[in-house]
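Given next are the chains, with one letter for each unit.
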Amino acid sequence: MSQEQVFWNRFIELAHTTFKQSIYDFYVADARLLELEGNQVTIFLNRPFKKDFWVKNFEELLRAAGFEIYGELLTIQYQVSENNYQSSSSQSQVNTVAEKENNTVNQQNYLQPVRSDIKSQYTFTNFVQGDNNQFAKAAALAVSDNLGELYNPLFIFGGPGLGKTHLLNAIGNKVLADNPQARIKYVSSETFINEFLEHLRLNDMETFKKTYRNLDLLLIDDIQSLRNKASTQEEFFHTFNALHEKNKQIVLTSDRNPDYLDNLEERLVTRFKWGLTSEITPPDFETRIAILRNKCENYPYEFTDDTLSYLAGQFDSNVRDLEGALKDINLLATMRQLSEITVDVAAEAIRSRKQTNPQNQVIPIERIQSEVGNFYGVSLKELKGAKRVQHIVHARQVAMYLARELTDNSLPKIGKEFGNRDHTTVMHAYNKIKTMLAEDDNLEIELTTIKNKIR
Ligand code: ADP
Ligand code: MG
């Protein structure tokens, strides 16, 4: 590395530690060292208005770096061009010092922008607060305003359809609104796993690492999906450490308390508890009404108060169901061109939804098998097969247990659906899981989660 390169790197380092990330990204990331002749340094800037800011704020650092490396006081000049800097391979008019050296553009000061993948429809404004989520919302807001400084990580957990994904994205949207340059990524753990495996396959782990380890804010959803995924856990461990060491914010969600995240490495679980852990519980009646009021503002009908009370009484554990009910009503109201939604209309609209609810529904064994398989990361073939590996056996027994609990099928019929097993095998699995359930809270959460997916 040449002296010029050493000088520039030192400046970058100083700028990075002295200024906020957003300032750095906006003013420094695109700048280039064009030339260093004698004690005269020339900097390339891609926007004329940036120059004033440089003169006021960065020259001191440039001189400091210059003095450190050369023992001389540098004079500084700028070359400004409206065009974005282009590398010499694409016919640029300017060649930077770094390029002259083997065409290696200074990697340290240039990071590709990241695709945030944030869902813009989920904001704090349309997140209805209730006793059930007040604490989680306050923590999420606080984190958005103080990235990396207050609670790191923030760990939000709770049952399905209670607003975890919504809150996670709300954080991202707020941070992005406050600072459009922030490097943010929202990712489900499933996607994280897939991306990781894909990069492994393509032998391109560098890109993966560069993306995830240079974020200001990582929002990672449904972390329980990393259970049983040893190599992805390892990678996530390093990602977590890299971000945490730089005081970059991490927010995680999970369907359960970290203490119940078995099959996840202890060192990860320990880290999840470093910051703040916050639970979202199901909304109470008043909150369900408030959520309904908020959501029905989007529809061109009047909902009577009775209707809202009626609906809030029908679905009591999951906000997603409430939303689904409004969609059903919307469909009916549109078809009939109604302007007011009465209790009768609402009842008619949601009838089929209620029928698909647990008590009345016929659940195919196949559906149970596929949800159990997804949950434990076991294929259908393995579930029906003869392998005696522990986690496969466990998944198989859980699937048999649920097949007996949730359907009217006879034991021999269930056995048949599991690779022609004997009915005594099914009986044994059922009893075993039942005994385990009495002692293991964690297993109970697992089963509740799977059942919620099946229904
Ligand atoms: P989870 O990730 O916990 O399973 P989601 O965040 O996907 O749940 O929420 C399910 C649906 O319910 C989403 O459409 C979300 O906008 C909505 N929702 C959940 N909680 C609230 C709330 N407090 N206020 C407004 N909408 C909510
Ligand atoms: Mg979610």
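The model shown is predicted, which means the values in this text are computed figures rather than measured ones.

Novice: How do you make sense of the pattern of salt bridges when you look at a structure like this?
Specialist: Pairing is possible between side chains of opposite charge, provided their charged atoms come close. The final tally for this structure, using the stated rule, is 25 salt bridges. Here E13 ties to R10 by a salt bridge, and the two come within 3.5 Å at their closest N and O atoms. Remark: R10 and E13 occur in helix α1 (residues 3-18); sequence separation between them is three residues, near one turn of the helix. For E13, a relative accessible area of 41% corresponds to the partly exposed category. D117 is the salt-bridge partner of R115, the closest N and O atoms lying 2.6 Å from each other.

Novice: Would you explain the UniProt feature "binding site: ATP" (unreviewed entry) in the protein in this entry?
Specialist: As recorded in UniProt, the feature "binding site: ATP" (unreviewed entry) lies at G161, G163, K164 and T165. Within the secondary structure layout, K164 lies in helix α7 (residues 164-178). Among the polar contacts made by the side chain of K164, one reaches the main-chain carbonyl oxygen of G158 at a distance of 3.0 Å.

Novice: Explain the side chain of K248 here, please?
Specialist: Tracing the chain through its elements places K248 in the loop between α10 (230-245) and β7 (249-254). At 3.2 Å, the side chain of K248 and the side chain of D216 are in polar contact. When near neighbours in sequence (up to four residues on either side) are disregarded, K248 contacts Q21, G148, N152, L215, D216 and L243.

Novice: Hey, could you run me through the site of ligand 1 in this one?
Specialist: As a structural note, the neighbourhood of ligand 1 is formed by 17 residues, with G161, K164, T165, H166 and E323 the closest of them. Between ligand 1 and the protein, one listed contact pairs an oxygen atom with a backbone N or O atom of G163 at 3.1 Å. Here an oxygen atom of ligand 1 and a side-chain polar atom of K164 are 2.7 Å apart. Out of a free accessible area of 560 Å², ligand 1 has 93% covered by protein chains. If you list the elements that add at least two residues to the shell around ligand 1, you get α7 and α14 (319-336). Of the residues in the shell around ligand 1, the class split is six nonpolar, seven polar and four charged.

Novice: Teacher, can you tell me more about the UniProt feature "domain: Chromosomal replication initiator DnaA C-terminal" (unreviewed entry) in the protein here?
Specialist: What UniProt calls "domain: Chromosomal replication initiator DnaA C-terminal" (unreviewed entry) maps, in this numbering, to residues 364-433. The straight-line gap between the two end C-alpha atoms of residues 364-433 is 20 Å; of that span, 74% is helix and 0% is strand.

Novice: Help me understand the environment of R271 in this model?
Specialist: Structurally, R271 is set in helix α11 (residues 266-272). Under the relative-accessibility criterion, R271 is labelled buried at 16%. Expressed as a C-alpha distance, the spacing of R271 and Y301, which sit 30 residues apart in the sequence, is 48 Å. Sequence-distant contacts of R271, defined by excluding residues within four places in its chain, comprise P153, F237, F240 and N241.

Novice: Where do I start with α10 in this structure?
Specialist: Note: α-helices contain 3.6 residues per turn, so residues at a spacing of three or four share the same orientation. In this model α10 runs 22 Å from its N-terminal to its C-terminal C-alpha over 16 residues, within 8% of the 22 Å that 1.5 Å per residue would give. Every buried residue of α10 is accounted for by T232, Q233, E235, F236, F237, T239, F240, N241, A242 and L243. On the buried face of α10, the contacting elements are α8 (189-201), α9 (205-213), β6 (217-221), β7 and α11. Within two residues after α10, N247 carries a phi angle of roughly 55°, on the positive side.

Novice: Looking at this model, I keep getting lost on helix α6 (residues 134-145). Mind explaining?
Specialist: With 12 residues, α6 should cover 16 Å at 1.5 Å per step; its first-to-last C-alpha distance of 17 Å lies within 8% of that length. Taken together, the buried positions of α6 are A136, K137, A139, A140, V143 and S144. End-on, the buried residues of α6 take up no more than an arc of 165°, which puts them together on one face. If you follow the buried residues of α6, they end up packed against β4 (154-158), α7, β7 and β8 (276-280).

Novice: What should I look at first to understand the environment of F285 in this one?
Specialist: Relative to the helices and strands, F285 resides in helix α12 (residues 285-296). Sequence-wise, F285 and T17 are 268 residues apart; in three dimensions their C-alpha atoms are separated by 50 Å. With sequence-adjacent residues up to four places away left out, F285 is seen in contact with S309, A312 and G313.

Novice: What exactly am I supposed to notice about the pairing of strand β5 (residues 184-188) here?
Specialist: Both faces of the sheet carry side chains from a regular strand, because those side chains alternate between them. Burial of β5 is extensive: five of the five residues sit out of reach of the surface. Burial along β5 is two-sided: the face carrying I184, Y186 and S188 and the face carrying K185 and V187 are both buried. Judged from the five bridges that link them, β5 and β6 form a sheet pairing that is parallel. Each residue of the ladder has a partner; that of I184, found in β6, is L217.

Novice: Is there a simple way to think about the side chain of R183 in this case?
Specialist: Mapped onto the secondary structure, R183 falls in the loop between α7 and β5. Looking at R183, its side chain comes within polar contact range of the main-chain oxygen of N214, at 2.9 Å.

Novice: I'm lost on unusual backbone geometry in this one. Help?
Specialist: Here the bond from N152 into P153 is cis, since omega is 0°, no more than 30 degrees from zero. At D117, a residue that is not glycine, the phi angle is positive and equals roughly 60°. Relative to the helices and strands, D117 is located in the loop between α5 (97-100) and α6. Residue N263 is not a glycine yet carries a positive backbone phi of 60°. When its relative accessible area of 44% is taken as the criterion, N263 is described as partly exposed.

The rules behind each value
- Residues numbered from 1 in each chain as written.
- Chains lettered and ligands numbered in written order.
- Predicted model: local features only at pLDDT ≥ 70, side-chain atom pairs only at ≥ 80, totals over all residues.
- Heavy atoms only, no water.
- Salt bridge = Lys/Arg side-chain N within 4 Å of Asp/Glu carboxyl O.
- Helix = DSSP H or I, 4+ residues; strand = E, 2+ residues; numbered from the N terminus.
- Buried < 20%, exposed > 50% of the residue type's maximum accessible area, 1.4 Å probe, protein only.
- UniProt positions renumbered as here; feature names shortened; annotations may be inferred.
- Polar contact = N/O pair within 3.5 Å; in protein donor to acceptor, adjacent residues only side chain to side chain.
- Contact = heavy atoms within 4.5 Å.
- Near = heavy atom within 4 Å.
- Areas by Shrake-Rupley, 256 points an atom, 1.4 Å probe, with all protein chains shown as cover.
- Nonpolar A, V, L, I, M, F, W, Y, C, P; charged D, E, K, R; others polar.
- Expected span 1.5 Å × (residues − 1).
- Arc of directions from axis to C-beta.
- Pairing = 2+ DSSP bridges.

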